[in-house]
Amino acid sequence: MNITRTMTLTVTKGEGTTTRVIASTDSVDRMGDVVEQEWNLDHYKANPVILQNHDYRSPVVGRATEISLVRGAEGSSLEMQIEWDTDPSNPDGQRIASQFERGFMSAVSVGFRPGKVTARADLPEDHKHYGAKGYILSANELLEVSAVPVPANAEALAKGLESTPALSADDVRAILRAELAD
């Protein structure tokens, strides 16, 4: 079955500009790795920084104001609300917030330390994450989240993704026949 995804960016203005994001999922990423959604968030919650491009020397561009682990039928995810630092003293924060607001950027990436690393090739062949390359990263400690132009995890995007099954040509014909018959 084909899946079509429509992205709708959620930006709220008021005290500051905020964006709800999916920061991480347990899907296979572009490097062939799977980041298990087993997070130690204690230290991150004490300093919930949003950086740009994992550059620890650049100014902080925002902070996470809500952080949650979401468990669903199709997998798990780490989700958060980001408040962007749009103060005039932070032109980087203003630029990143503006790019998210206008849709020029929509991706984030997690900076973390895995507690356990398992080669996917070492998993049983019937395991859902078995693969010739990559690792399963688990018992993870979240260090930071960054606004990035291209994330390792293709699902780490501004919130509002909806998965809906794509219709085949036969499905469309059947729907049209049913509509015409009524």
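The structure displayed is predicted, hence computed values, not measured ones.

Undergrad: What should I look at first to understand the sheet that holds strand S4 (residues 34-35) in this one?
TA: The pairing of strands in a sheet happens through backbone hydrogen bonds and is either parallel or antiparallel. With respect to topology, three strands assemble into an open sheet ordered S4-S11-S10, the strand pairing being mixed. Single-partner strands in this sheet number two, and they are S4 and strand S10 (116-119). Bridging between S4 and strand S11 (residues 135-138) involves two bridges; their strand directions are parallel. What sits directly across from Val 34, in S11, is Ile 136.

Undergrad: What exactly am I supposed to notice about the pattern of salt bridges here?
TA: Should their charged atoms come close, side chains of opposite charge can pair. Applying the stated criterion to the full structure yields five salt bridges. Measuring nitrogen to oxygen at the nearest pair gives 3.5 Å for the salt bridge that ties Asp 92 to Arg 95. Linking Asp 92 with Arg 95, this pair stays in helix H2 (residues 91-102), spanning three residues, or about one helical turn. For Arg 95, a relative accessible area of 36% puts it in the partly exposed group. The shortest N-O distance in the salt bridge between Arg 113 and Glu 141 comes to 2.2 Å. Of the two residues, Arg 113 is situated in strand S9 (residues 107-113) and Glu 141 in strand S12 (residues 140-148); the sequence distance between them amounts to 28 residues. Glu 141 gets classed as buried once you look at its relative accessible area, which sits at 13%.

Thresholds applied
Residues numbered from 1 in each chain as written. Predicted model: local features only at pLDDT ≥ 70, side-chain atom pairs only at ≥ 80, totals over all residues. Heavy atoms only, no water. Pairing = 2+ DSSP bridges. Helix = DSSP H or I, 4+ residues; strand = E, 2+ residues; numbered from the N terminus. Salt bridge = Lys/Arg side-chain N within 4 Å of Asp/Glu carboxyl O. Buried < 20%, exposed > 50% of the residue type's maximum accessible area, 1.4 Å probe, protein only.

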